[in-house]
Amino acid sequence: MARDEAYYEAEQKVAEALETGQINLDLSYMRLTDIPESISKLKDLQILDLRHNELTDLPYTIAELSNLRYLLLSQNQLIQMPSLVRSLKNLQKLYLWSNMLTLFPEEV
């Protein structure tokens, strides 16, 4: 899949967050259709803002963000919520409004 400018900008933001030890990453309003896999390296990340993008699913690398407390996914194009969310043991808030959800895992 060809990567667009927004994807490379997101990769740069992930790299900057890794370098500076940020616990909050804002990738909102970027029109992303996928998320850089390098996001899994942000082990201390607590807030991930992915609002207002064009995501139809989440990569399984999100499950590696064991300290994630807030996951903002509102206003995307998610059809089903991946069951990987159950592995986010510290997740306190999950924002999903204004998606296209038809399936939600029972275990969540």
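Residues numbered from 1 in each chain as written. Predicted model: local features only at pLDDT ≥ 70, side-chain atom pairs only at ≥ 80, totals over all residues. Heavy atoms only, no water.

Q: I'd like to hear about the overall build of the protein, residue by residue, with values.
A: Helices and strands together make up the secondary structure of the protein, namely one helix and four strands. For the protein, the α and β elements follow one another from N to C terminus as α-β-β-β-β. Taken over C-alpha atoms, the radius of gyration comes to 13 Å for the protein, in line with the 13 Å a tight globule of 108 residues would show. In terms of its C-alpha atoms, the protein occupies a principal-axis envelope of roughly 35 × 30 × 20 Å. A total of 108 residues make up the protein; the buried ones form 38% of that total. Summing over all exposed atoms, the protein offers an accessible surface of approximately 6400 Å²; the carbon and sulfur share of this is 47%. (Helix = DSSP H or I, 4+ residues; strand = E, 2+ residues; numbered from the N terminus. Rg over C-alpha atoms; globule rule 2.2 N^0.38 Å. Buried < 20%, exposed > 50% of the residue type's maximum accessible area, 1.4 Å probe, protein only. Areas by Shrake-Rupley, 256 points an atom, 1.4 Å probe, with all protein chains shown as cover.)

Q: Talk me through the side chain of Asn53; I want residue IDs and the actual numbers.
A: Tracing the sequence through the fold places Asn53 in the loop between strand S2 (47–49) and strand S3 (70–72). Among the polar contacts listed, one links the side chain of Asn53 to the backbone nitrogen of Met30, at a separation of 3.2 Å. A polar side-chain atom of Asn53 sits 3.3 Å from the main-chain carbonyl oxygen of Arg51. The contacts of Asn53, once residues within four sequence positions are left out, are Leu27, Ser28, Tyr29, Met30, Arg31, Leu32, Gln75 and Asn76. (Polar contact = N/O pair within 3.5 Å; in protein donor to acceptor, adjacent residues only side chain to side chain. Contact = heavy atoms within 4.5 Å.)

Q: Help me get a handle on helix H1 (residues 5–20), residues and values and all.
A: An ideal rise of 1.5 Å per residue puts 22 Å on 16 residues; H1 measures up with 23 Å between its terminal C-alpha atoms. Where H1 is buried, its residues contact strand S1 (24–26). The positive-phi residue at the C-terminal boundary of H1 is Gly21, with phi of around 75 degrees. (Expected span 1.5 Å × (residues − 1).)

Q: Give me the environment of Lys43: which residues, what numbers.
A: By the secondary structure assignment, Lys43 is in the loop between S1 and S2. For Lys43, a relative accessible area of 40% gives the class partly exposed. For the pair Lys43 and Leu65, spaced 22 residues apart in sequence, the C-alpha separation works out to 5.5 Å. If we ignore the near neighbours within four places in the chain, the residues touching Lys43 are Glu64, Ser66 and Asn67. Within polar-contact distance, the side chain of Lys43 engages the backbone oxygen of Ser40 at 3.0 Å.

Q: Tell me about the pattern of salt bridges, residues and numbers included.
A: Summed over all chains, the structure comprises three salt bridges. Here Arg31 and Glu54 are joined by a salt bridge, their closest N and O atoms 2.9 Å apart. One end of the pair, Arg31, is in the loop between S1 and S2; the other, Glu54, is in the loop between S2 and S3, and 23 residues separate them in sequence. Residue class for Arg31 comes out exposed when judged on its relative accessible area of 58%. A salt bridge links Lys43 to Glu64; the shortest N-O distance between them is 3.5 Å. Highlighted residues: Lys43 in the loop between S1 and S2 and Glu64 in the loop between S2 and S3, separated in sequence by 21 residues. The class of Glu64 is partly exposed, set by a relative accessible area of 37%. (Salt bridge = Lys/Arg side-chain N within 4 Å of Asp/Glu carboxyl O.)

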